[in-house]
Amino acid sequence: MLNSIGLDNDGIDAFIAHHLPYLSRLRAPTIVSIAGRTYDEFVEMAGMLDGCDGAAALELNISCPNVSGGVDFGTDVEMCRRVVQGARDACGLPVLAKLTPNVADIGQMAAAAADGGADAISVINTLLGMSIDWRGQRPMLGNGLGGLSGPAIKPIALRAVYQVASAVDTPVVGIGGIANIDDVMEFLVAGAAAVQVGTANFYDPTVSVRLIDQLPAALAELGATCVRDAVGTLQMNDSVAAKT
Ligand SMILES: Cc1cc2nc3c(=O)[nH]c(=O)nc-3n(C[C@H](O)[C@H](O)[C@H](O)COP(=O)(O)O)c2cc1C
């Protein structure tokens, strides 16, 4: 999928007043994703969610490619560390930092987020992509560029999870092209302690329920009794490990 939705939402006041109450009645914990244009906006929103009933954790989207300036926090090591620390100080909830793959060294960004106090690192957000109507000589998306997601990005996401898990001790949340239980297991073995499913929900809204049902049997195939037993069990060929 290639999208340029941006961050369509009705704002944090409306989220806290109208959306969080019904979300908090669901059985699953709610992780609230926030994105600010500036450091101050991130910190202000993190502070507003501190102690909010129904919010289990905070994910900092420092990686959206569709928002003007939205990606800076995820591409500059010092800005990344600072914004994570600011949110961390303003909010007692666990803080996840969601990173962009559109950088040269994602391990370095993860280290900065961990240094800022991130409790977990989510990887990856979408990759910058483009689609062109050559006859009309115009981009297909209104925004020109867009975020690429879905199965096409899975190898990149797996690589990023592996690199981040190798670079930091902080738990990693794997995201990118997950659509079936084999995908989930690949991410766990690569080093993810949890996964998220995005694009697959658009064509199969019940996908997550099926993945949860299938997880115990897949773990058993590895001789694992819980997710933790499978996380980061990838064994790289010695000669390959030396080069990466
Ligand atoms: C339509 C659409 C909207 C998205 N909106 C957000 C967003 O608001 N915040 C965010 O952090 N990521 C957003 N993402 C990125 C996804 O959360 C995810 O990181 C990415 O799509 C890769 O996972 P997937 O291949 O399972 O979709 C969006 C993705 C799609 C396809």
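Use the structure listed above.
Rules used throughout
- Residues numbered from 1 in each chain as written.
- Predicted model: local features only at pLDDT ≥ 70, side-chain atom pairs only at ≥ 80, totals over all residues.
- Heavy atoms only, no water.
- Helix = DSSP H or I, 4+ residues; strand = E, 2+ residues; numbered from the N terminus.
- Rg over C-alpha atoms; globule rule 2.2 N^0.38 Å.
- Buried < 20%, exposed > 50% of the residue type's maximum accessible area, 1.4 Å probe, protein only.
- Contact = heavy atoms within 4.5 Å.
- Areas by Shrake-Rupley, 256 points an atom, 1.4 Å probe, with all protein chains shown as cover.
- Lys, Arg positive; Asp, Glu negative; His and termini not counted.
- Charge placed at Lys NZ, Arg CZ, Asp CG, Glu CD.
- Pairing = 2+ DSSP bridges.
- Right-handed = clockwise from strand over helix to strand, strands pointing away.
- Expected span 1.5 Å × (residues − 1).
- Arc of directions from axis to C-beta.

**Describing the overall build of the protein**
Part 1 of the reasoning: Within the protein, the secondary structure is distributed over 11 helices and 11 strands.
Part 2 of the reasoning: Scaling as 2.2 N^0.38, a compact globule of 244 residues should have a C-alpha radius of gyration of about 18 Å, and the protein matches this with 18 Å.
Part 3 of the reasoning: Along the first, second and third principal axes, the C-alpha atoms of the protein reach 55 × 45 × 40 Å.
Part 4 of the reasoning: When the 244 residues of the protein are sorted by exposure, 42% land in the buried category.
Part 5 of the reasoning: Within the protein, contacts between residues separated by at least 24 positions form 68% of all contacts whose residues are at least 6 apart in sequence.
Part 6 of the reasoning: Carbon together with sulfur atoms contributes 53% to the accessible area of the protein, which is approximately 12,800 Å² in total.
Part 7 of the reasoning: Between the centroid of the 14 positive side chains of the protein and the centroid of its 26 negative side chains there is a distance of 5 Å.

**What to know about the pairing of strand 3 (residues 55-61)**
Part 1 of the reasoning: Most of strand 3 is tucked away, with 6 of its 7 residues classed as buried.
Part 2 of the reasoning: Summarising the sheet, strand 2 (residues 30-34) and strand 3 pair through 5 bridges and their orientation is parallel. Along strand 3, the bridge assignment pairs Ile 34 with Leu 60.
Part 3 of the reasoning: What joins strand 2 to strand 3 is helix 2 (residues 39-49), and the crossover it makes is right-handed.

**Points about helix 1 (residues 12-23)**
Part 1 of the reasoning: Compared with the 16 Å implied by 1.5 Å per residue over 12 residues, the 14 Å span of helix 1 between its first and last C-alpha is markedly short.
Part 2 of the reasoning: Among the residues making up helix 1, those that are buried are Ile 12, Ala 14, Phe 15 and Leu 20. The buried residues of helix 1 occupy an angular sector of 150° when the element is viewed end-on, so they sit on one face. Counted as exposed and oriented over 90 degrees from the buried face of helix 1: Asp 13 and His 18.

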